[in-house]
Amino acid sequence: MTDDSRPTTTEITLLGRSYVIACPPDEQEQLNRAARYLDRAMHGIHARGKVLGAEKIAIMAALNITHELLQVLEERKESEATLARLNERLERALGNDASSR
């Protein structure tokens, strides 16, 4: 009899260290992708040689990734606002065109 209540785990590697992480099966590919991204960021910081210790490298990588995320979210917000303004202009133009007939 199998115990389906146990969480599925997956192994990831960050800066040469392996970690076993509990993760639903349908999210494992996303976790692996995130781990590869984080690992690349950590290796980049480690290669610069200014930050020592895996914990500090992880914190710097997390801050850098969070900064990237916030920039993308802000750009998305600005793009959505631009689209909303364009949509309003289009609606007004179509409304004016329809009323002139």
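This text follows the structure it describes.
Residues numbered from 1 in each chain as written. Predicted model: local features only at pLDDT ≥ 70, side-chain atom pairs only at ≥ 80, totals over all residues. Heavy atoms only, no water.

Caption draft 1: Focus on the pairing of strand β1 (residues 9-14). Only one face of β1 is buried, namely the one carrying T10, I12 and L14, since none of T9, E11 and T13 on the opposite face is buried. Counted along the chain from β1 to the antiparallel partner strand β2 (residues 17-22), the turn is two residues long, and its residue L15 has a positive phi close to 55°. (Buried < 20%, exposed > 50% of the residue type's maximum accessible area, 1.4 Å probe, protein only. Helix = DSSP H or I, 4+ residues; strand = E, 2+ residues; numbered from the N terminus. Pairing = 2+ DSSP bridges.)

Caption draft 2: Focus on the pairing of β2. Across the six residues of β2, zero count as buried, placing the element largely on the outside. Pairing analysis gives six bridges linking β1 to β2, with the strands arranged antiparallel. In the sheet register, L14 faces β2, and the bridge partner there is R17.

Caption draft 3: Quick peek at the pattern of salt bridges. By the definition in use, this model includes two salt bridges. Among the ionic pairs, R36 bridges to E29, the shortest N-O distance being 3.5 Å. The exposed category is assigned to E29, whose relative accessible area is 52%. Across the pair R76 and E80 runs a salt bridge whose closest N-O atoms are separated by 3.2 Å. Remark: E80 and R76 occur in helix α2 (residues 54-99); sequence separation between them is four residues, near one turn of the helix. Residue R76 is classed as exposed on the basis of its relative accessible area of 53%. (Salt bridge = Lys/Arg side-chain N within 4 Å of Asp/Glu carboxyl O.)

Caption draft 4: The arrangement of helix α1 (residues 28-48) in detail. In this model α1 runs 30 Å from its N-terminal to its C-terminal C-alpha over 21 residues, within 8% of the 30 Å that 1.5 Å per residue would give. Taken as a whole, α1 has its buried residues at A35, D39, M42 and I45. End-on, the buried residues of α1 take up no more than an arc of 125°, which puts them together on one face. Exposed side of α1, more than 90 degrees from the buried face: E29, Q30, R33, R40, A47 and R48 are the residues found there. G49 lies just past α1 and shows a positive phi near 75°. (Expected span 1.5 Å × (residues − 1). Arc of directions from axis to C-beta.)

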